[in-house]
Amino acid sequence: MILPRYHIGPSTIEGAGQGLFLDEPVARGRVITAPDDIARVHSIDDILARPDAAALLPATVRWFEDRYTITPEWPDECYINHAFVPSGLWHLGFVFASADLAAGTEVTVDYRHLLAPGQSEDFRDAHSGQAIVGYTWLDSLRASTQALAALLA
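Report follows, based on the coordinates. (Residues numbered from 1 in each chain as written. Predicted model: local features only at pLDDT ≥ 70, side-chain atom pairs only at ≥ 80, totals over all residues. Heavy atoms only, no water.)

### Concerning the side chain of R62
Threshold: Under the scheme used here, helices are H or I runs from DSSP no shorter than 4 residues and strands are E runs no shorter than 2 residues, and both carry numbers assigned from the N terminus. Exposure classes here rest on a 1.4 Å probe applied to the protein chains alone. A residue is buried below 20% of its type maximum, exposed above 50%, and partly exposed in between. Charged-residue counts in this description rest on Lys and Arg as positive and Asp and Glu as negative, His and the chain ends being excluded. Any Lys or Arg side-chain nitrogen located within 4 Å of an Asp or Glu carboxyl oxygen qualifies as a salt bridge. Two N or O atoms count as a polar contact when they lie within 3.5 Å, although within protein this holds only if one can serve as hydrogen donor and the other as acceptor, and sequence-adjacent residues are included solely when both atoms are side-chain atoms. Whether two residues are in contact is decided by their heavy atoms, any of which lying within 4.5 Å being enough.
One can find R62 in strand β4 (residues 60-64). One buried charged residue, R62, forms no salt bridge at all, with the nearest opposite charge on D66 at 7.2 Å. Here the side chain of R62 touches L115 through a polar contact of 3.3 Å, landing on its backbone oxygen. R62 has contacts with R67, Y68, W90, R112, H113, L114, L115, P117, Y135, T136, W137 and S140, leaving out every residue within four places of it along the chain.

### Observations regarding the packing of aromatic side chains
Under the convention used in this document: Only rings of Phe, Tyr and Trp enter the pairing, Trp through its six-membered ring, and a pair is recorded when the two centres are within 6.5 Å. The plane angle decides the type: under 30 degrees is stacked, over 60 is edge-to-face, the rest tilted.
Across all of its chains, the model carries 3 aromatic pairs by this definition. Centroid distance W63 to W90: 5.4 Å. Interplanar angle 55°. Geometry classified as tilted. In this pair, W63 sits in strand β4 while W90 sits in strand β7 (residues 88-91), placing the two residues 27 residues apart along the sequence. A relative accessible area of 15% places W63 in the buried class. Summarising the aromatic geometry, the rings of Y111 and F123 are spaced 6.3 Å apart at their centres and angled 75° between planes, so their arrangement reads as edge-to-face. Placement of Y111 in the loop between β9 (108-109) and β10 (120-124) and of F123 in strand β10 is noted, with a sequence separation of 12 residues between them.

### A few points about the environment of C78
Relative to the helices and strands, C78 resides in the loop between β5 (67-70) and β6 (81-82). Looking at C78, the relative accessible area reads 18%, which means it is buried. In the structure, C78 is positioned 51 residues away from A27 in sequence and 22 Å away in space, judged by C-alpha atoms.

### Description of the pairing of β7
The line we're drawing: Strands pair, by our definition, only if DSSP identifies at least two bridges between them.
Burial of the side chains of β7 extends over both faces: G88 and W90 are buried on one face and L89 and H91 on the other. Pairing of β7 with strand β8 (residues 94-97) involves 4 bridges; the strand directions are antiparallel. Of the residues in β8, the one forming a bridge with L89 is F96. Between the end of β7 and the start of β8, which pair antiparallel, lie 2 residues, with L92 showing a positive phi angle near 55°.

### Let's talk about the sheet that holds strand β3 (residues 31-33)
Keep this limit in mind: Helix axes are fitted to C-alpha atoms over the stretch in contact, other axes to C-alpha atoms as well, and angles between N-to-C directions run from 0 to 180 degrees.
One open sheet accounts for 3 strands, arranged β3-β8-β7; its pairing is antiparallel. Edge positions in the sheet fall to β3 and β7, since each has one partner strand and no second. Strand-to-strand, the axes of this sheet are offset by a mean angle of 40°, without reference to chain direction. Note: β3 against β8, 2 bridges, orientation antiparallel. Residue pairing across strands places V31 opposite F96, the latter belonging to β8. Of the strands in this sheet, β7 and β8 touch helix α3 (residues 137-152), which is tilted by about 130° from β7.

As structure tokens, then:
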């Protein structure tokens, strides 16, 4: 569920295709997206064992520990693109505004929180050229918890 008004449009990130843009300002620390309608989660091993795993991985998101959702229907939340310096903070499936965000801001998150440990994206970070490689669960949880605490301080 996306809480502020928004629209989908051409991304400002080279090669990213479409992006999710805010149509209203969002204050630092406020929730931009929240999980809803999650019927099932899967282990990464179960996903990788499927014959269609390669097709499903781009639609796979880690929510907690070794539990992932698969959303091949591509809801609007899937238009949130990657950035190492994102406008949103991914924490346990919620996306929080990482600063006061103006209307027109493209919402981005660090995909390293969404990927399986060691899993690499098929593309590189558009700004740095660095590989995007999934954090371990503990590294992701520590980093996002510390960042959220700092946002809310």
